[in-house]
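Summary of structural features
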Amino acid sequence: MAPAITSTPPQSLTGDQVSKAVFPDGLKTSGQHGPIYEQLRPYSDFPKEVSGPTVWKAEDYKDNPERWTHVFSDEEIEELSKASDDFIASEKPLTGMARHLFPLPTLASFFGTVRKEVINGKGFILFKGIPVQEWGLHKSAVAYMGLGTYFGYFVSQNRHGHVLGHVKDLGEDASKPDKVRIYRTNAKQYFHTDGTDLVGLLCMAKALEGGESDIVSSQQVFNTLQREHPDVAETMCTPNWFFDRKGEVSRGQDEWYKSSIFFMEHDPDGNPRVWSKFDPMNVVSLGRFQEGPNARIPPLSEKQRHAIKVFDETCQKLALHMILDPGDIQLLSNMQVYHARTAYKDYPPGSVDEQGRPRVRRHLMRLWLATPEHEGGWKTPFHDSNNKKRGGIQVDDNPPTCPLDAE
């Protein structure tokens, strides 16, 4: 018999029954949950090989950046600029940003086409040319969030309700994964997915060295594992992995949830696709609950430790490398793309460039965007599949916030 669901689903599966006094757009992030175990498919149901538009190889794109890059034209930048200026003049809060408040008469159709490709195609694009140095932090954030509304719904990224995240080195200790989110350090980030459907990164400033991006098709990884390491593929399809909520817990929730790494869509009458949800840092950080007299969950098995090792080696072998420059927006679908980051070194405090201007340390602004099933998103075996703000991180009724600098 499949294990029972231990977390209580929210009353509203579409996220519509919340107070606008707390949630300005009337929508609440669903948060971190385990799957509906009865809807999970056994490993024997998974295909031996995935095919179709959502699976790709790095060699298909390595020497063809025009296939995954769009440079904004002067006219497109002007359209984004006007919409941003109008929104700023309205004095509405950024947490209330919505598509109807950010009209893009020309770009709307183009973004609709890109959205379909990101969700149901290769799963990534790199936009270039946002004039972040000219616009500054506030206007750049407005333009970025306005653009984001054409792809999905903002979800909270941490316990503070931040719907605009800041990827910066805050000097935190990356060797303490049970207490620290790695994006707040300068350490290497291993291949992973984020806790949402789409993730966007707007580069405001680059590091002195490193901090470069690698992405890989999770379905190509799956195919390679099925072919070369079927035991690892089976381990990653088995729902006996515990994932750390890292203290970002609502009342009544456990500090962890139990799930798989590879899934099949919950589409009994259709052609379910293979997708993935995995951050290895959230499975190796649970020692405090796995060891000693107060152990509450089992430790990682040898099969699981082996799977993590083979998984990362496979991702590195198949990855596509890219460098984000200031003004670039990398937009990825977590459903079919893993991403990673190299370790980096920032400019020393107080350093200046050739013109005597202060050097800005590495800074990326991050969006997590939900694409619910009823609006074209993947059909997941989770109770919030139709929630407009499915996934993300939500602690109790903490309201959304939109800081314009790192927390």
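Residues numbered from 1 in each chain as written. Predicted model: local features only at pLDDT ≥ 70, side-chain atom pairs only at ≥ 80, totals over all residues. Heavy atoms only, no water.

This part is about helix α1 (residues 74–90). Taking 1.5 Å of rise per residue, the 17 residues of α1 would be expected to cover 24 Å, and the 24 Å separating its terminal C-alpha atoms lies within 8% of that figure. Restricting attention to buried positions, one finds in α1 the residues Glu76, Ile77, Glu79, Leu80, Ser81, Ala83, Ser84 and Phe87. Contacts from the buried residues of α1 go to β1 (69–71), α2 (107–120) and α3 (132–148). (Helix = DSSP H or I, 4+ residues; strand = E, 2+ residues; numbered from the N terminus. Expected span 1.5 Å × (residues − 1). Buried < 20%, exposed > 50% of the residue type's maximum accessible area, 1.4 Å probe, protein only. Contact = heavy atoms within 4.5 Å.)

What follows concerns the side chain of Ser333. By the element assignment, Ser333 lies in strand β14 (residues 329–333). Filtering out sequence-adjacent residues up to four positions away, Ser333 remains in contact with Val118, Gly123, Asp197 and Leu198.

Another point: the packing of aromatic side chains. This model, assessed by the stated rule, comprises 22 aromatic pairs. On the numbers, 5.4 Å between centres and 50 degrees between planes, the contact of Phe111 with Phe151 is tilted. A residue pair is termed long-range when its members are at least 10 positions apart, and Phe111 in helix α2 and Phe151 in the loop between α3 and β3 (153–154) qualify at 40 residues. When the ring centre of Phe124 is taken as reference, the NZ or CZ atom of Lys122 above it lies at 5.8 Å. Note that Arg273 overlies the ring of Trp378, its terminal NZ or CZ placed 3.8 Å from the centroid. (Phe/Tyr/Trp six-rings, centres within 6.5 Å; stacked < 30°, edge-to-face > 60°. Lys NZ or Arg CZ within 6 Å of the ring centre and 35° of its normal.)

Next up on the list: the confidence of the model for the chain. On average, residues of the chain score 91 in pLDDT, and 91% of them reach the 70 mark or higher. Contacts from residues 1–16, a stretch scored under 50 in pLDDT, to residues over four places away or in other chains number 30 contacts. (pLDDT = per-residue confidence, 0-100.)

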